[in-house]
Amino acid sequence: MTKQTNPKFTANDIPPQHGRRVLITGANSGIGYETALELARNGAEIILPARSLKKANNAIARICSQVPSAKITPAILDLASLASVRAFTAWVSKNFPGQSLDLLINNAGVMAVPQRELTVDGYERQFATNYLGPFLLTALLYPHLKPQRGTRIVTVSSGVSNQAKIEFDNLQSERIYKPMFGAYSQSKLANLIFQQELQRRLTAAHSPILSTGAHPGYAITNLQTSGPAGQAPLSFRIVSSILKPLASQDAAHGALPTLYAATSPQVTPGGYYGPDRMQELKGHPAPAKIAPAAKDLDLAKRLWTETERLTGVKFTV
């Protein structure tokens, strides 16, 4: 039995998205941009927040140059700031009131920030941007999701989640900071745990909304080379230079697992998708390996409770 769900899935296989309103974070560049482009190309209305209106509008201009009919609304959102997340969700409530969203894609993130940095809230930047911000965003936007079949919450994780662990005594890298296989991998494992636990809670509540997940494999984007503090660590750049010619794919192909999780009728509740070749580094979307920790119910409940404390929100499905 082959692992592939649909070995021929490409952007051409995305079902029509007319009438669907999509909110996607981190869509001003990389995988998020390619995801937004293809959803707009297929008729979706897009809400595209970025850390500045200039970045959002630049991305919108590029999309509209290829899809002149695209309907995209810019906004400001900095996931590293809990206050920014709250301000943005208040903006959504005002401009798109009621149950107005069909699809939420938690895509934005930072990777391998060389030196430990704290956000305005006092949290480690990668854990805050990649996990705490998206958790709070999802919790506050949940009432705006249409409670009907077809509505989805997609959370983007990473293949490095398989090498990670949740260290409750080092969530903010207080004891030790490891840029890639520490802070970053922990944040991405937290994403996967959240995605899986959210589906369990949706199922228990008999909600038709699906929580799905994806990872892009080894996609070449600006995420590998930039961050708030500059270049990625030398060791990571050396490994990347070796793997890049053999195992990488461009951002457009890296976006396919997200697009699959967001649109394919073959997606299952709690489904998690990534590339199907070279240890999930590249290829067509297929069911991806789920880290054992993401299946640990006690761990998931503990992390959920701790995240509610850190974000100051009670997320009840």
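S.K.: Describe the overall build of the protein chain, with residues and values.
M.R.: Per the secondary structure count, the protein chain includes nine helices and 10 strands. Burial statistics for the protein chain: of 317 residues in total, 58% are counted as buried. Intrachain contacts of the protein chain at a sequence separation of at least 6 include 77% that bridge at least 24 residues. Surface exposure of the protein chain reaches about 13,400 Å², of which carbon and sulfur atoms provide 54%.

S.K.: Kindly report on the nonpolar core, identifying the contributing residues and their values.
M.R.: Counting 49 residues, the largest nonpolar core has Leu23, Phe88, Tyr131, Leu137, Ile166, Ile193 and Phe315 as its most contacted members. Among the elements of the structure, α3 (82-95), α4 (125-141), α5 (179-204) and α9 (297-311) are those that each provide at least two residues to this core. Residue contributions to this core peak at nine residues, all from α4. Excluding anything up to four places from it in sequence, Tyr131 contacts Gln126, Ser187, Ala190, Asn191, Phe194, Leu303 and Thr307. Membership of the second largest hydrophobic core comes to 36 residues, among which are Val22, Ile31, Leu37 and Leu256.

S.K.: I'd love a proper account of the pairing of strand β4 (residues 103-106), names of residues and values included.
M.R.: Side-chain positions along a regular strand alternate between the two faces of the sheet. The alternating pattern of β4 places Leu103 and Ile105 and Leu104 and Asn106 on opposite faces, both of which are buried. What joins β4 to strand β5 (residues 152-156) is α4, and the crossover it makes is right-handed.

S.K.: Explain the packing of aromatic side chains to me, using residue names and the numbers behind them.
M.R.: For any pair of aromatic rings, the description consists of the separation of the ring centres together with the inter-plane angle of the planes. Scanning the entire structure with this criterion turns up 13 aromatic pairs. With 6.2 Å between their ring centres and 55° between their planes, Tyr131 and Phe135 make a pair best called tilted. Within this pair, Tyr131 and its partner Phe135 are both found in helix α4, separated by four residues, close to a single helical turn. Note on Tyr131: relative accessible area 1%, which makes it buried. Between Phe135 and Phe194, the ring centres sit 5.2 Å apart and the planes meet at 55°, which makes this aromatic pair tilted. Here the residue Phe135 occupies a position in helix α4, and Phe194 occupies one in helix α5, the gap between them amounting to 59 residues. Assessed through its relative accessible area of 3%, Phe194 is described here as buried. An aromatic cluster is present here, built from Phe127, Tyr131, Phe135, Tyr142, Phe194, Trp304 and Phe315 joined pairwise through their rings. Above the face of the Phe168 ring, Arg302 is positioned so that its terminal group lies 3.8 Å from the ring centre.

S.K.: Before we move on, could you go through the sheet that holds strand β3 (residues 71-76) and cite the residues and values that matter?
M.R.: Here we have eight strands laid out as an open sheet, ordered β3-β2-β1-β4-β5-β6-β9-β10, and mixed in their pairing. Edge positions in the sheet fall to β3 and β10 (282-287), since each of these pairs with one other strand and no more. In this sheet, neighbouring strand axes are inclined to one another by 25° on average, regardless of whether the strands run parallel or antiparallel. With three bridges joining them, strand β1 (residues 21-24) and strand β2 (residues 45-50) adopt parallel strand pairing.

S.K.: So what's going on with the packing of α3 against α4? Which residues, and what values?
M.R.: Axis separation between α3 and α4 bottoms out at 10 Å; the angle between their running directions is 25°. It follows from the interaxial angle that α3 and α4 lie roughly parallel. The chirality of how α3 crosses α4 is right-handed. Only Gly133, Leu136, Leu137, Leu140 and Leu141 of α4 make contact with α3, whose side of the interface consists of Leu82, Val85, Arg86, Phe88, Thr89 and Val92. Class assignment for the residues of the contact of α3 with α4 results in eight nonpolar, two polar and one charged.

S.K.: Before we move on, could you go through the environment of Gly213 and cite the residues and values that matter?
M.R.: You can see Gly213 is positioned in strand β6 (residues 210-214). Given the relative accessible area of 0%, Gly213 is considered buried. Measuring from C-alpha to C-alpha, the distance between Gly213 and Ala261 comes to 6.3 Å, with 48 residues separating the pair along the chain. Discounting residues that sit within four places of it in the chain, Gly213 has contacts with Thr155, Gln195, Ala261, Gly271, Tyr272 and Tyr273.

S.K.: I'd like to hear about the confidence of the model for the protein chain, residue by residue, with values.
M.R.: Looking at the protein chain, the pLDDT average stands at 91 and 88% of residues meet or exceed 70. Scored below 50 in pLDDT, residues 224-231 makes 18 contacts in the model with residues more than four places away or belonging to other chains.

The rules behind these values
Residues numbered from 1 in each chain as written. Predicted model: local features only at pLDDT ≥ 70, side-chain atom pairs only at ≥ 80, totals over all residues. Heavy atoms only, no water. Helix = DSSP H or I, 4+ residues; strand = E, 2+ residues; numbered from the N terminus. Buried < 20%, exposed > 50% of the residue type's maximum accessible area, 1.4 Å probe, protein only. Contact = heavy atoms within 4.5 Å. Areas by Shrake-Rupley, 256 points an atom, 1.4 Å probe, with all protein chains shown as cover. Core = buried A, V, L, I, M, F, W, Y, C linked by side-chain atoms within 4.5 Å. Right-handed = clockwise from strand over helix to strand, strands pointing away. Phe/Tyr/Trp six-rings, centres within 6.5 Å; stacked < 30°, edge-to-face > 60°. Lys NZ or Arg CZ within 6 Å of the ring centre and 35° of its normal. Pairing = 2+ DSSP bridges. Axes fitted to C-alpha atoms, helices over the stretch in contact; angles between N-to-C directions. Parallel < 35°, antiparallel > 145°, perpendicular 65-115°, else oblique. Left-handed = near helix turned anticlockwise from the far one by under 90°. Nonpolar A, V, L, I, M, F, W, Y, C, P; charged D, E, K, R; others polar. pLDDT = per-residue confidence, 0-100.

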